[in-house]
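For reference, the chains in residue letters:
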Amino acid sequence: MNQDKIGRFIAEMRKQHNLTQREFAEALDISDKTVSKWECGNGMPELSLMQPICEILDINLNELFSGEKLTDADYKKKAEENMLNLIREAENTKKNIVGGKVLGNAVNVDLNVSEIHKSNIEFWDTIGNEFLGTTSLPNWGGYLPSEDKLNLMGKLSGKRVLEICCGSGRSLKYVADLGAADLWGLDISKNQLERAKDFLEEQEIIANLVHSPMEDECGLPTDYFDIVFSVYGIGWTTNLDKTFKLIRSYLKKNGAFIFGWSHPIHKCVSVENGKLIFSNSYFNEEWYCADMSDKEILLSNRMLSTYINALANNGFVIEKLIEETDREKAMISDNDFGRKALMLPTAFIIKARK
Ligand SMILES: C[S@@+](CC[C@H](N)C(=O)[O-])C[C@H]1O[C@@H](n2cnc3c(N)ncnc32)[C@H](O)[C@@H]1O
């Protein structure tokens, strides 16, 4: 499928119908940014929009996929070509599975650190938690048992604790309530940090909040922390190896690093008509771009072995890997995410030691 050609064709037909990008977008109930993206050849309309697009532009699906108007003589040949292209692309399509939802397709992109940071900061500065929901302690994410049950942190009284990707600051409050004495948080999003600061101040909790990507040197104290933890944060890094190296440097000897993230197998399996379908390759660790209500996120789905080997390569000793589902929680859920969690882990936690 030639996205450039299709994009140019959509733009040409839109103009022939005297529609601005905004008017066209409004008729489809989407943003004009999305229309602009298609017209620049960056991505294709979702399946559910294809027929409405054809109706508005007075073209047929075969013409949309071909990116040109077709004569009757061309029609059959092009239909066959398009059919083959669609089958080929379906084989390579990655589904965008975030949290419990399947959100359209995910398009592979090259690893470009500044682009990834730019998109992800924009997402977290604006809709972030409103869209994905906040995950903070005692909840480690997905249907994992909660920290109250797992007690991975151990006794926190008097401890120096750092949260990587502290987001809303809710987890820092959790550890403060359990007696942690010296609290630090790091996040790439200024907006998240401001919200965390306001929230913690309201709770009369003092914390040092640092604005930086986790994969960059940022002046955090070294050989200092008893515990470094992260809840749905580590997977956002563009450099896992460097991130683990830095985290190890912040920890005291014997200090613990504990993090939870979406389980890679969960991102490979979607629920369709009540059945679990393998829709992404477990081995595919390429970066992908996914649309999230008008914004984009850029992520990669790393294999579990990638996390474990990166920890080992950076001198961590792995103490625990948790891939459990809290069955009670999953049994009472009335959605596909809960039913899926009864069959496979939706998130994992690793506890490692310096
Ligand atoms: C799912 S949220 C974590 C939620 C957090 N546990 C809470 O309680 O709000 C992910 C966080 O990671 C941050 N983030 C994303 N990429 C990052 C990076 N490269 N370095 C540091 N923080 C990053 C985002 O700004 C966001 O606040």
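Trainee: Give a detailed account of the site of the ligand, specifying residues and quantitative values.
Mentor: Neighbouring residues of the ligand: 23 residues in total, closest Thr-135, Ser-168, Asp-187, Met-214 and Glu-215. With respect to the ligand, the backbone of Thr-135 contributes an N or O atom lying 2.7 Å from a nitrogen atom. Within the backbone of Val-231, one N or O atom sits 3.1 Å away from a nitrogen atom of the ligand. Summarising the interface, the protein chains cover 98% of the accessible area of the ligand, which totals 600 Å² for the free molecule. Mapped by element, the contributors of at least two residues to the shell around the ligand are helix H7 (113-125) and strand S4 (182-187). Grouping the constituent residues of the shell around the ligand by class yields ten nonpolar, ten polar and three charged.

Trainee: Quick one: what's the story with the sheet that holds strand S12 (residues 317-322), residue by residue and with numbers?
Mentor: The seven strands lie next to each other as S5-S4-S3-S6-S7-S13-S12, forming an open sheet whose pairing is mixed. A single partner strand is all that each edge strand has here, and the edge strands are strand S5 (207-211) and S12. Taking the axes of each pair of neighbouring strands and ignoring which way they run, one obtains an average angle of 15° across the sheet. Pairing of S12 with strand S13 (residues 347-353) involves five bridges; the strand directions are antiparallel. Bridged to Leu-321 within S13 is Ile-350. Sitting on the sheet, helix H11 (residues 190-202) touches S4 and S5, and the angle it makes with S5 is about 170°. In the packing of helix H13 (residues 304-313) onto the sheet, contacts are made with strand S7 (251-262), S12 and S13, and the angle to S13 comes to roughly 10°.

Trainee: So what's going on with the domain arrangement of the chain? Which residues, and what values?
Mentor: Along its sequence, the chain is carved into domain 1 (3-92) and domain 2 (113-353). Computed from C-alpha coordinates alone, the two centres of domain 1 and domain 2 are separated by 38 Å.

Conventions and cut-offs
Residues numbered from 1 in each chain as written. Predicted model: local features only at pLDDT ≥ 70, side-chain atom pairs only at ≥ 80, totals over all residues. Heavy atoms only, no water. Near = heavy atom within 4 Å. Polar contact = N/O pair within 3.5 Å; in protein donor to acceptor, adjacent residues only side chain to side chain. Areas by Shrake-Rupley, 256 points an atom, 1.4 Å probe, with all protein chains shown as cover. Helix = DSSP H or I, 4+ residues; strand = E, 2+ residues; numbered from the N terminus. Nonpolar A, V, L, I, M, F, W, Y, C, P; charged D, E, K, R; others polar. Pairing = 2+ DSSP bridges. Axes fitted to C-alpha atoms, helices over the stretch in contact; angles between N-to-C directions. Contact = heavy atoms within 4.5 Å. Domains from an automatic or database assignment.

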